[in-house]
Amino acid sequence: MKIVSFVTLLLWLPCFLEAQIYSPQIDSVMMRDGKKLAADVYIVSGGNPKPTILIQTPYNRLYYRWGLPIGVGSNLNSYGYNFVIADWRGFYGSVGAIVATPNRGEDGYDLIEWIAQQTWSDGKVGTWGPSALGKVQYQTAKEDPPHLTCCVPLVAGSQFDYSEYYPGGVYRTEYVQQLDGLGYRLSPFILANPFYSITWQYLETTNYYPSTMKVPCFMIGGWYDHNVELMLELFSGIRQLSPANVKDKHKLLMGPWAHGGFGMAQVGTCTQGELTFNEACGWSDSLAMRFFDFYLKNQANGWDNEPVIKYFQIGENVWNSTLIWPLNGLTNQKFYFQNGGLLNGSAPVTSNSSSTFIYNPADPSPTHGGPTLRQDQLQGPYDQSGVVESRNDISVFTSQVLTSPVQVAGSPVVRLFVKSDRKDTDFAIRFCDVYPDGRSMLISDGIQRMRFRNGFTVADTASMNPLQIYQVDIALPNTAYTFLTGHAIRVDITSSNYPRFDNNLNNGLQMYTAGDTLIASNRVYHETGHESYIQLPVTAGNYVSDIKNDKPFFIYPDPASTYIQMRWDMPFSESEVIILNSLGQTIKQMIVQQNEVIDITHLKAGLYLVKYRFDKNEYSVSKFIVFSF
């Protein structure tokens, strides 16, 4: 499999169909060690010195000749900023400057101070860039170059954390493979350090330095990105720990965006995965340019009155603002897993209730969208119903259809009580929104390797006892998401999500080496004393645990085992009825008479939805439960 191609290297370019192709000045900028970095210099015509935006990239500066970012395209003069785009040391035009352990912050310092000395520069320099181009901005700011004025890092933090590469103790396969393909060659180190150790402690300490951010920073992130937690942690840090004269100037924008890097989904684009967010199109560029105009051009454009945090509430598709994250005034609402694939606000009252599924490492549950990076993977929100939920290696829990919105703002947490017949296995979560048409759109995901249930050091690891039930908590990434009326909340539980995460061999032996794979029988409990649930940080009082049933339509008996009947208190002798399973898949469609007996002996135990229509334009929804003796 070829992970990186020409398309991938066109990372983050705004437009490739411009009529004009730039011919920038080409320069070699001397670093303090005597080696030179290749740089393209785009100078505003007219002769007067202008502020400059610096971009440092490992993805080849030449591709920006087809169009400059932040909405500039080929209209350099109308925006009034010089651009300097430099290849990282050891990459592309700067390959000759390679050293064993580069200090990219020092290189950024030297580039900025070189810019400030040029006749076309007015001495003010801002930085911009996503992902790796964002991380290098933090490294540069840490060195405190005198002429650095402000920074705009997108979908990036400064950190290098164990949890970034081993969330829940599980190796992020496709993520590290893509980083290797882009030239970072991290996999040998990452795979050699699968346990939390003094090495990771050192790396985490040296890569988290919010107190060094001495210039205003406008951080831009996306709820579908894999860096959500890093960015929120770092933003909180720089707001609290950076110097007093700047800490109140940092701002954060969180949109409905994936990480980007290839394909149509980029920070600021309308389309993300299988969804479109017209209300967020172009916001990242327009606000970044306002930020630059305020600090680099001293324009009185009201930027200082912008909220500290502006975030997009997915579902409602509106922009909200807040001073802090997470929000104040939220309630932690638990939605319990129930027999039959139900999810509701009441703790289970039954005993001996559980759901079992088989996990075969040779046939793992496939990754379908989400916060991926590898080029051959889909990125962003995708429907899980066909590719993931249709398999038999899954337990699916779905709420009733909502009669009022549920507004989530924060980090959901899944608590599971589980058992396995193997010494080690994984439990993976996919958190989804079920649309009225049956689509199960992915919001976020998480995973836990059971040998790491007590912690991530070597001393913490422990095998599973097949006779014992274990409690594990899986924290999902922060999100701002509203489940609309007529939708449903869903939690998918599997033991794999590959290639996003390494597939556990279930043998309890050394990880990430060749070995025998064992099929596991894994069980999730939802009974008194072992109440598994998902906890959502929601607006108080906004959850209604009933379905949309705005007409007097009745199904009886409920629960049922062999038959159901339907009755309605309206002057209609018959109704069109569609029976759907908990995945939203149509089981049967028919015309039903008042009190007609309907055979359900062919239905498996579980929750079913009934869509019924009395005129050609309007449906309502009810439900019934099938149980077996």
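Since the structure is predicted, the reported quantities are computational estimates derived from the model, not experimental observations. Position numbers for residues count from 1 along each chain, tracking the sequence in the order it is written. At least 70 in pLDDT is required for a residue's local features to be given in this predicted model, at least 80 for side-chain atom pairs to be given and counted, and no such filter applies to totals for whole chains, interfaces and linings, which use all residues. Side-chain metrics in this entry use all non-hydrogen atoms of the structure; hydrogen atoms and water are not considered.

K.L.:
Mind laying out the overall build of the protein, listing which residues take part and the relevant values?
P.N.:
Each helix is a run of DSSP H or I of at least 4 residues and each strand a run of E of at least 2, with the numbering of both proceeding from the N terminus. Along the protein, the regular secondary structure elements total 10 helices and 33 strands. When we talk radius of gyration, it's over C-alpha atoms, and the globule rule is simply 2.2 Å times the number of residues to the 0.38. A compact globule built from 629 residues would reach a C-alpha radius of gyration of about 25 Å, and the protein, at 27 Å, matches this within 12%. Projected onto the principal axes, the alpha-carbon positions of the protein cover approximately 85 × 60 × 45 Å. Think of it in three bands: residues with accessible area under 20% of the maximum for their type are buried, residues over 50% are exposed, and the middle band is partly exposed, with areas taken using a 1.4 Å probe on protein chains only. With 629 residues in all, the protein has 58% of them scored as buried.

K.L.:
With reference to specific residues and values, describe the packing of aromatic side chains.
P.N.:
Centres within 6.5 Å are what make two rings of Phe, Tyr or Trp a pair, Trp counting through its six-membered ring; a difference in plane orientation under 30 degrees is then read as stacked, over 60 as edge-to-face, and the rest as tilted. Throughout the structure, instances matching the rule amount to 40 aromatic pairs. Here Y224 and F277 contribute two aromatic rings whose centre-to-centre distance is 6.4 Å and whose plane-to-plane angle is 35 degrees, an arrangement assigned as tilted. Residue Y224 is located in the loop between β7 (218-222) and α9 (228-241), and its partner F277 is located in the loop between β10 (275-276) and α10 (283-296); the two are separated by 53 residues in the primary sequence. In terms of burial, Y224 and F277 fall into one category: buried. The interplanar angle of 15 degrees and the centroid separation of 4.5 Å between the aromatic rings of W283 and W319 together place this pair among those described as stacked. Residue W283 is found in helix α10, and its partner W319 is found in strand β12 (residues 318-322); the two are separated by 36 residues along the sequence. Note on W283: relative accessible area 28%, which makes it partly exposed.

K.L.:
Explain the state of the cysteines to me, using residue names and the numbers behind them.
P.N.:
To count as a disulfide, a pair of cysteine sulfur atoms needs to be within 2.5 Å. On inspection of all chains with the given rule, the structure shows 1 disulfide. With its sulfur 1.8 Å from that of its partner, C270 forms a disulfide with C281. On the criterion of sequence distance, the pair formed by C270 in the loop between β8 (251-255) and β9 (271-272) and C281 in the loop between β10 and α10 is long-range, its members being 11 residues apart. A residue is classified by how much of its surface remains accessible, and C270, at 27% relative accessible area, is partly exposed. Overall, the relative accessible area of 26% leaves C281 in the partly exposed class. Of all cysteine sulfurs in the structure, the one in C217 sits closest to C151, which takes part in no disulfide; the separation is 5.6 Å. On the accessibility criterion, C151 (1% relative accessible area) is buried.

K.L.:
Explain the pattern of salt bridges residue by residue, including any values.
P.N.:
The salt bridge criterion pairs a side-chain nitrogen of Lys or Arg with a carboxyl oxygen of Asp or Glu, the two atoms within 4 Å. Per the stated rule, a full pass over the model turns up 20 salt bridges. A salt bridge links D107 to R89; the nearest nitrogen and oxygen atoms lie 2.9 Å apart. Pair noted here: D107 is in helix α3 (residues 104-116) and R89 is in the loop between β4 (82-87) and α3, with a separation of 18 residues, a long-range link. Accessibility assignment for this pair places D107 and R89 in one class, buried. Taking the shortest distance from any N to any O, the salt bridge between R391 and D393 comes out at 2.8 Å. Taking relative accessible area as the criterion, D393 reaches 5% and is therefore assigned buried. One connected set of salt bridges, linked through shared partners, spans D40, R61, R65 and D87.

K.L.:
Explain the side chain of N507 to me, using residue names and the numbers behind them.
P.N.:
Along the chain, the position of N507 falls in the loop between β23 (488-494) and β24 (520-527). Counting of polar contacts relies on pairs of N or O atoms within 3.5 Å, with two restrictions inside protein: one atom must be capable of donating a hydrogen and the other of accepting it, and residues adjacent in sequence are counted only when both atoms are side-chain atoms. In this structure the side chain of N507 is engaged in a polar contact, spanning 2.8 Å, whose partner is the backbone nitrogen of L509. The criterion used for residue contact is that any of the two residues' heavy atoms lie within 4.5 Å. Leaving out residues up to four positions away in the same chain, N507 has contacts with G515, D516 and L518.

K.L.:
Tell me about the environment of V44, and name the residues and values.
P.N.:
Along the chain, V44 falls in the loop between β2 (36-42) and β3 (50-57). For the pair V44 and Y81, spaced 37 residues apart in sequence, the C-alpha separation works out to 6.4 Å. Every residue in contact with V44, bar those within four places of it in the chain, is listed here: K50, L76, N77, G80, Y81 and N82.

K.L.:
How would you explain α3 if you had to name every residue and give the values?
P.N.:
For a helix, the expected span equals 1.5 Å multiplied by the residue count minus one. Over its 13 residues, α3 runs 18 Å from end to end, which matches the ideal 18 Å to within 8%, given 1.5 Å per residue. Most of α3 is tucked away, with 11 of its 13 residues classed as buried. Buried residues of α3: R104, G105, D107, G108, D110, L111, I112, E113, W114, I115 and A116, and no others. Measuring from the backbone nitrogen of G105 back to the side-chain oxygen at the start of α3 gives 3.1 Å, which picks out N103 as the cap.

K.L.:
Would you mind going over helix α8 (residues 198-206) in detail, with residue names and values included?
P.N.:
Within α8, burial applies to W200, L203 and E204. Buried residues of α8, seen end-on, are gathered within an arc of 100 degrees and therefore sit on one face of the element. Residues of α8 that are exposed and point over 90 degrees away from its buried face: I198, Y202 and T205. Those residues of α8 that are buried are in contact with α5 (162-165) and α7 (187-192). Directions from the helix axis toward the C-beta atoms define the arc.

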